[in-house]
Number of protein chains: 2
Amino acid sequence: MSQPSKRPTIRDVARAAGVSVATVSRALSGDYPVSTATRARIQRAVRDLDYVVNAHARALSGATSKVVAILMKETVTPFYAHIAAGVEAEAAEHGRLCLVCTTHGDADRELEIIKLMREQHADAVILVGGVVENEEYRERMKRYAIGLADAGSKLVTCARPPLGPDIPAIAVEYDNVGGAYAATSHLLSAGHRRILMLAGPDGFTTSDQRVVGYRNALAAYKIAVDPALISHGDMGRDGGYDRTAAVLDRGVEFTGVFAGNDNTAAGAIAALRDRGRRVPEDVSIIGFDDVPLAGDLNPPLTTVHLPHEELGRTAVKMALQGNGSGRQHVMLGTHIVVRDSVTTATPH
Amino acid sequence: MSQPSKRPTIRDVARAAGVSVATVSRALSGDYPVSTATRARIQRAVRDLDYVVNAHARALSGATSKVVAILMKETVTPFYAHIAAGVEAEAAEHGRLCLVCTTHGDADRELEIIKLMREQHADAVILVGGVVENEEYRERMKRYAIGLADAGSKLVTCARPPLGPDIPAIAVEYDNVGGAYAATSHLLSAGHRRILMLAGPDGFTTSDQRVVGYRNALAAYKIAVDPALISHGDMGRDGGYDRTAAVLDRGVEFTGVFAGNDNTAAGAIAALRDRGRRVPEDVSIIGFDDVPLAGDLNPPLTTVHLPHEELGRTAVKMALQGNGSGRQHVMLGTHIVVRDSVTTATPH
DNA sequence: GTGAAAGCGCTAACAT
DNA sequence: ATGTTAGCGCTTTCAC
């Protein structure tokens, strides 16, 4: 048995203040002219009754819902956590509440949740982090995007590839290819020629872009890509460990590692050590992300810093600024943070 | 100019399917008996029109809001991130959306947001992480708690001290004092007698409890507490560094460190090294939290594992299971994860 | 400056 | 099994 909501409504406030509900609504909404005396009486009634508006009733009768929704792969990894923090902070500055959901990389679940978001009439729906797309996915996404658009919600993709020209959405990206290019070049310019790339699952766009950066950098140095040096798989700490160990055990040699992210790098370092390689003396390594503890790894990790917070904030800003309803696209930059995990390649 | 919501309503579906809105509502809600043929026609209409219910309208007309709200100090620290992940996961399993807000430790802001949550009529409001309380805070919190209760929302405190016997709320805690006691005892039993405690800001309950555990453990070993060995301050990585450095520079000696959390520990280790102390040969250190990268620090950090996810999940479970509306209280346990940062004290 | 009244889209009696 | 109708609590014309 759920207790009947015995909470005061706007009508109770009106009665207590001796005015009409319309006046109460106006006094509370702010801008509209209401006499000071009346306003005072109303505010007093609000306090006495401990009245709070009903957000659903408000949203229903036309006003905006004051909610922005984020949909991400997961929330705990620093990469996602910091983007979410940026979204939340910016949303709060705009007086918005923040709805957070996770997909765990499942495209179906993502679509399912977008449907839920549609029901909520969020002011903005922000999609963070990639999923593996297929045709059916694109179909449904398109339909939902249109649905969102004409329900007045802005759809924005953040830190993932844009949805496509036929889908109404804002895109906020960071320079993934450029970052990977810079990371690889950093290793290259230190004299490394055989560089192991610890990439994400094949077909996972974000990771694929990093591979492109890796290839481009190699190409710029006129070095042929050795497929044996590109490992696809789990990007977690253990994935980094296992895959590095596997490559080593396979007898493949390299003096540099470009890890898909810092966690992967942490695992790779451990695997290297366990196999008797010194880091960075024998093998140099560069990460991607710049997580908070990157500087406390052993050795302190040289890595590519991503503008996580800024991505989140920008996504919200773009969605909320009523400006041009056209499609928009922003690309944020990255930079390398040099620490101690990369050193000059030992000449052989 | 916001586009008029030209979305189909339940009435459009009813018309398209040639039935009444009530039938549509019933067919969509599930349980109520509706003939298979009618249901099929309705579902077809839903697809054709791309209809989605309006969550606000639904919530307004009595049904539950299907939203649980979390209010935390911040979201990026693993401690909070993992609790939030637990909440989100459990909420999702119950078909709930998850509203996330941050207070940044500001009590006023916390109250402000609780007010917003009240407007949302969330099924549950979960408060994670402490704030520094004062009398006015307790007053307002009590009023809000009552408001939440008779609007049908459950209030639950999670990983923070219960609100008090006169406030209707569920409490989910972990054994903070016990964990700190165990951590300190671990150092003590390794022969350490002068143990630096890197605590949080004075008056911050969560940290204060850890200090109690520290004191209790010392007392059990009949060792007097040296105030010079208890440092209060920022619990971040830099706080750990700066405060450890300061104590060292002050000439205070110790062979063990109990860090308030793993980040603090990471900073402390760096400070120790920079001052020429080896870890763990000269100084042993134990952390608190067991963050993901704790095992990749140098040396791998011995620490106290907290049941983060479980705290979040339990909070949601307790709130959502309609059982006894009375106050409830759960205390989850902790355990030490032994790695390499603690070693036997060098006899002098 | 203030009030009356018409919805917003849905669910839940209450009929039939 | 299905239809009718009265709200849920609020904002917003339209009058005065």
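Residues numbered from 1 in each chain as written. Chains lettered and ligands numbered in written order. Predicted model: local features only at pLDDT ≥ 70, side-chain atom pairs only at ≥ 80, totals over all residues. Heavy atoms only, no water.

Under an unreviewed UniProt entry, the name given to chain A is LacI family DNA-binding transcriptional regulator, and the organism recorded is Hamadaea flava.

1. Re the environment of L248(B)
Residue and element names in this part refer to chain B. Note the threshold: Each helix corresponds to a stretch of at least 4 residues labelled H or I by DSSP, and each strand to a stretch of at least 2 residues labelled E; elements are numbered beginning at the N terminus. Here's how the labels work: a residue is buried when its accessible area is under 20% of the maximum for its type, exposed when over 50%, partly exposed in between, all with a 1.4 Å probe on protein chains only. Contacts are residue-level and defined by heavy atoms, with any inter-residue pair within 4.5 Å sufficient.
Note that L248 resides in helix 10 (residues 237-249). Residue class for L248 comes out buried when judged on its relative accessible area of 10%. In this structure the C-alpha to C-alpha distance between L248 and R275, which are 27 residues apart in sequence, comes to 7.9 Å. Excluding residues that lie within four positions of it along the chain, L248 makes contacts with F254, A271, L272, R275 and R277.

2. Looking at unusual backbone geometry
For the bond from V279(A) to P280(A), the omega torsion is 10 degrees, close enough to zero to count as cis. Position of P280(A) relative to the elements: it lies in the loop between helix 11 (262-274) and strand 9 (284-286). The phi torsion at K66(B) lies on the positive side, around 60 degrees, for a residue other than glycine. In this structure, K66(B) sits in the loop between helix 4 (55-60) and strand 1 (67-72). With a phi angle near 135 degrees, D289(B) is a residue other than glycine that sits in the positive phi range. On the secondary structure map, D289(B) appears in the loop between strand 9 (284-286) and strand 10 (303-305). What makes D289(B) buried here is its relative accessible area of 4%.

3. Side note on the sheet that holds strand 7 (residues 230-232) of chain A
Residues and elements named next belong to chain A. Worth spelling out the cut-off: A strand pair is defined by DSSP finding two or more bridges across the two strands. Only the stretch in contact is used when fitting a helix axis, every axis being a line fitted to C-alpha atoms; angles between N-to-C directions are given from 0 to 180 degrees.
Taken in spatial order, the 4 strands line up as 7-6-8-9 in an open sheet, and their pairing is parallel. The open sheet terminates on both sides in strands that have one partner only, identified here as strand 7 and strand 9. Within this sheet the neighbouring strands show an average axis-to-axis angle of 15 degrees, counted without direction. Here 4 bridges tie strand 6 (residues 195-199) to strand 8 (residues 256-259), and the two strands are oriented parallel to one another. When the bridges of strand 8 are listed, L198 appears paired with A259. Contacts from helix 10 (residues 237-249) reach strand 6 and strand 7, with the element oriented near 145 degrees to strand 6.

4. Points about the protein's contact with DNA strand D
Note the cut-off: If a single non-hydrogen atom of a residue is within 4 Å of a molecule or strand, that residue counts as near it. As used in this structure description, the phrase polar contact means that two N or O atoms lie within 3.5 Å; if the pair is within protein, one of them must be able to donate a hydrogen and the other to accept it, and residues adjacent in sequence are counted only when both atoms belong to side chains. In the scheme used here, Gly and all other residues not listed as nonpolar or charged are polar, with Ala, Val, Leu, Ile, Met, Phe, Trp, Tyr, Cys and Pro taken as nonpolar and Asp, Glu, Lys and Arg as charged.
Around DNA strand D there are 25 residues in total, and I10(A), Y51(A), R58(A), R26(B) and T38(B) lie nearest to it. Atoms of DNA strand D within 4 Å of the protein belong to the sugar or the phosphate in 58% of instances, the rest to bases. Separating a base nitrogen of DNA strand D from a side-chain N or O atom of R26(B) is a distance of 2.7 Å. Contact distances for DNA strand D include 2.4 Å between a phosphate oxygen and a side-chain N or O atom of T38(B). Those elements that place two or more of their residues in the surface near DNA strand D are helix 1 (10-17), helix 2 (21-29) and helix 4 (55-60) of chain A together with helix 2 (21-29) of chain B. Grouping the amino acids of the surface near DNA strand D by side-chain chemistry returns 11 nonpolar, 10 polar and 4 charged.

5. As for the interface of chain B and chain A
Here is the rule: When two parts are put together, the accessible area they lose, computed with a 1.4 Å probe and summed over both, is reported as buried area. One speaks of a salt bridge when a side-chain nitrogen belonging to Lys or Arg is within 4 Å of a carboxyl oxygen belonging to Asp or Glu.
Between chain B and chain A, the residue contacts involve 50 residues of the former and 49 residues of the latter. Regarding the contact of chain B and chain A, the summed buried area is about 4,800 Å², with carbon and sulfur atoms giving 58% of it. At the boundary of chain B and chain A, one finds 8 salt bridges. Connecting chain B to chain A are 17 residue pairs in polar contact (both at pLDDT 80 or more). Looking at the side of chain B that touches chain A, the elements that each hand over two or more residues are helix 4, helix 5 (78-93), strand 2 (97-102), helix 6 (107-120), helix 7 (135-149) and helix 11 (262-274) of chain B. The residue inventory of the side of chain B that touches chain A, partitioned by class, reads 24 nonpolar, 14 polar and 12 charged.

6. Quick word on the UniProt feature "domain: HTH lacI-type" (unreviewed entry) in chain A
Test applied: UniProt positions are given in the numbering used here, feature names are shortened, and annotations may be inferred rather than shown by experiment.
Taking the numbering used here, the UniProt-annotated feature "domain: HTH lacI-type" (unreviewed entry) corresponds to residues 8-62 of chain A. Taken end to end, residues 8-62 of chain A is 67% helix and 0% strand, and its two terminal C-alpha atoms sit 21 Å from one another.

7. Here we look at the pattern of salt bridges
Scanning the model with the defined rule gives 45 salt bridges over all chains in all. Close ionic contact of R313(A) with E93(A) constitutes a salt bridge, the shortest N to O distance being 2.6 Å. With a gap of 220 residues between them, R313(A) in helix 12 (residues 308-320) and E93(A) in helix 5 (residues 78-93) connect regions that are remote in the sequence. Two residues, R277(B) and E253(B), come together in a salt bridge whose shortest N-O distance is 3.0 Å. Of this pair, R277(B) sits in the loop between helix 11 and strand 9 while E253(B) sits in the loop between helix 10 and strand 8 (256-259), and the two are 24 residues apart along the sequence. Because the salt bridges share partners, they merge into one network encompassing R7(A), D50(A), R118(B), R143(B) and D150(B).

8. Let's talk about the pairing of strand 6 (residues 195-199) of chain B
Regular strands show a simple pattern: their side chains alternate between the two faces of the sheet. Residue and element names in this part refer to chain B. For clarity, the threshold we go by: The path from the first strand over the helix to the second decides the hand: if it runs clockwise while the strands point away from the viewer, the crossover is right-handed.
Across the 5 residues that make up strand 6, a large majority, 5, are buried. Burial along strand 6 is two-sided: I195, M197 and A199 facing one way and L196 and L198 facing the other are all buried. Pairing analysis gives 3 bridges linking strand 6 to strand 7 (residues 230-232), with the strands arranged parallel. Each residue of the ladder has a partner; that of M197, found in strand 7, is I230. A crossover links strand 6 with its parallel partner strand 7, the connecting element being helix 9 (residues 205-220), and its sense is right-handed.

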